[in-house]
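# Structural description and commentary
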Amino acid sequence: GNSVTQMEGPVTLSEEAFLTINCTYTATGYPSLFWYVQYPGEGLQLLLKATKADDKGSNKGFEATYRKETTSFHLEKGSVQVSDSAVYFCALSDLPIQGAQKLVFGQGTRLTINP
Amino acid sequence: DTGVSQDPRHKITKRGQNVTFRCDPISEHNRLYWYRQTLGQGPEFLTYFQNEAQLEKSRLLSDRFSAERPKGSFSTLEIQRTEQGDSAMYLCASSLSGDQPQHFGDGTRLSIL
C-alpha cells in the first residue's frame, strides 16, 4: 500500500540555520502531498501542499517541491526561528474513498531550534 | 470558523471500561475523519463520514470500536472493553469537500491504567 518515510529525528538547529527535512513516498497513482506541523499540546495544522508533479507548496517561509522522479517532497526553510520548534509530518492522500481523501502520514520529525 | 473541537482533551480509565469521545467539526464541513496517533508515530486513519454516512473503516477499527455521526453534525467514537493497546491520541478532522484540506482538532489523549 501507499506509505511515507521521513527523516528520523530529533533535529536540533540554531536560530537562522537552514532546514531540510527529507520525505519520500511510495504510492500508486498520483497522490497529493502535504506537510503538517504539530506544536506542543495542539492538533495538526496544514503547513503546505502540492497536488501534482513539479508543484511547489510554500507557507511561512517553508517550501517543498513535488518530485515525481525521486518520489520526494522535502521540506526546506532558509532561516529557522525558535518558534518553528514543533513536530513536522509529511503525508500523502491515499486513493479517494467515496468522495474523500484518506491521509497517510510519516512518523514525524521533531525539530528543536535553539536561540 | 471556531475550528474542530474535541472532548475530552484527556481521558484516563481502567482496562475493561468503555469510553466515548466527541468531535464537533467546523460547522459547514460535511466530511469527518477519525485518526489514531500513538507515541512517536504519525496519525493512522480509522474511519470517515460523509454527512451521517460512515463510508470507510480501517482494519485498525476492531469490533470494540464504533463511530457515529447522527444528523451529520458532531461525531462520537466509542471504545468498549478498553485494552492497554488502545492508549493513544485520537484525532478528529473535518473538510468541506473531498479535495479540500483536512482541519484537525487538538485530539483526545486516552490513557489506560
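## Quick notes on the pairing of strand E5 (residues 44–50) of chain B
Residue and element names in this part refer to chain B. Counted residue by residue, E5 has five buried out of seven residues, so it is predominantly covered. In terms of strand pairing, strand E4 (residues 31–37) meets E5 through six bridges, oriented antiparallel. If you follow Leu-32 over to E5, its bridge partner there is Phe-49. Between E4 and E5, which pair antiparallel one after the other, the connecting turn spans six residues, and Gly-40 there sits at a positive phi close to 80°. Bridge analysis of E5 against strand E6 (residues 53–57) gives four bridges, and the strand direction is antiparallel. Along E6, the bridge assignment pairs Gln-50 with Ala-53. Between E5 and E6, which follow one another and run antiparallel, lie two residues, and Asn-51 among them has a positive phi close to 55°.

## With respect to the nonpolar core
Formed by 26 residues in total, the largest nonpolar core has its most connected members in Trp-35, Leu-47, Leu-48, Phe-62, Phe-73, Leu-75 and Tyr-88 of chain A. For this core, the secondary-structure elements that each account for two or more residues are strand E3 (19–21), strand E4 (23–26), strand E5 (33–38), strand E6 (44–50), strand E8 (62–65), strand E10 (86–93) and strand E12 (109–114) of chain A. Of the residues forming this core, the biggest block, four residues, is contributed by E10 of chain A. In this structure, Val-19, Phe-21, Cys-23 and Tyr-90 of chain B belong to the second largest nonpolar core, which totals 19 residues.

## What to know about the environment of Tyr-90 of chain B
Note that Tyr-90 of chain B resides in strand E9 (residues 88–95). Every residue in contact with Tyr-90 of chain B, bar those within four places of it in the chain, is listed here: Gln-6, Phe-21, Tyr-35, Arg-36, Leu-46, Phe-65, Leu-77, Ile-79, Gly-107, Thr-108 and Leu-110 of chain B.

## Focus on the pattern of salt bridges
Summed over the entire model, instances satisfying the criterion amount to seven salt bridges over all chains. Salt-bridge contacts for Glu-63 of chain A lead to Lys-56 of chain A; the nearest nitrogen and oxygen are separated by 3.6 Å. Across the pair Lys-77 of chain A and Asp-84 of chain A runs a salt bridge, and its minimum N-O distance is 2.8 Å. Per residue, the accessibility class of Lys-77 of chain A equals that of Asp-84 of chain A, and both read buried. Connected through shared salt-bridge partners, Arg-64, Glu-83 and Asp-86 of chain B make up one network.

## A short note on the sheet that holds strand E1 (residues 5–7) of chain B
Strand pairs in the sheet, formed through backbone hydrogen bonds, run parallel or antiparallel to each other. All names here are of chain B. If you walk across this open sheet you meet the four strands as E1-E3-E8-E7, and the pairing is antiparallel. Single-partner strands in this sheet number two, and they are E1 and strand E7 (65–68). Shown here is a sheet whose adjacent strand axes are inclined to one another by a mean of 15°, direction ignored. Here five bridges tie strand E3 (residues 19–24) to strand E8 (residues 75–79), and the two strands are oriented antiparallel to one another. Each residue of the ladder has a partner; that of Arg-22, found in E8, is Thr-76.

## Side note on the state of the cysteines
Residues and elements named next belong to chain A. Tallying each qualifying case throughout the model produces two disulfides over all chains. Here Cys-23 is linked by a disulfide to Cys-90, with a sulfur-sulfur distance of 2.0 Å. Between Cys-23 and Cys-90, the S-S torsion sits near -70°, and that sign places the bridge as left-handed. Residue Cys-23 is located in strand E4, and its partner Cys-90 is located in strand E10; the two are separated by 67 residues in the primary sequence.

## As for the interface of chain A and chain B
Taken together, the contact between chain A and chain B spans 19 residues of the former and 22 residues of the latter. Across the chain A to chain B interface the summed buried area is about 1700 Å²; carbon plus sulfur atoms make up 54%. For the pair chain A and chain B, the number of links is zero salt bridges. Linking chain A with chain B are five residue pairs in polar contact (both at pLDDT 80 or more), by the criterion used here. Looking at the side of chain A that touches chain B, the element that brings in the most residues is E6 of chain A, giving three residues. Grouping the amino acids of the side of chain A that touches chain B by side-chain chemistry returns eight nonpolar, eight polar and three charged.

Cut-offs and rules
- Residues numbered from 1 in each chain as written.
- Chains lettered and ligands numbered in written order.
- Predicted model: local features only at pLDDT ≥ 70, side-chain atom pairs only at ≥ 80, totals over all residues.
- Heavy atoms only, no water.
- Buried < 20%, exposed > 50% of the residue type's maximum accessible area, 1.4 Å probe, protein only.
- Helix = DSSP H or I, 4+ residues; strand = E, 2+ residues; numbered from the N terminus.
- Pairing = 2+ DSSP bridges.
- Core = buried A, V, L, I, M, F, W, Y, C linked by side-chain atoms within 4.5 Å.
- Contact = heavy atoms within 4.5 Å.
- Salt bridge = Lys/Arg side-chain N within 4 Å of Asp/Glu carboxyl O.
- Axes fitted to C-alpha atoms, helices over the stretch in contact; angles between N-to-C directions.
- Disulfide = S-S within 2.5 Å.
- Buried area = accessible area lost by both parts, 1.4 Å probe.
- Polar contact = N/O pair within 3.5 Å; in protein donor to acceptor, adjacent residues only side chain to side chain.
- Nonpolar A, V, L, I, M, F, W, Y, C, P; charged D, E, K, R; others polar.

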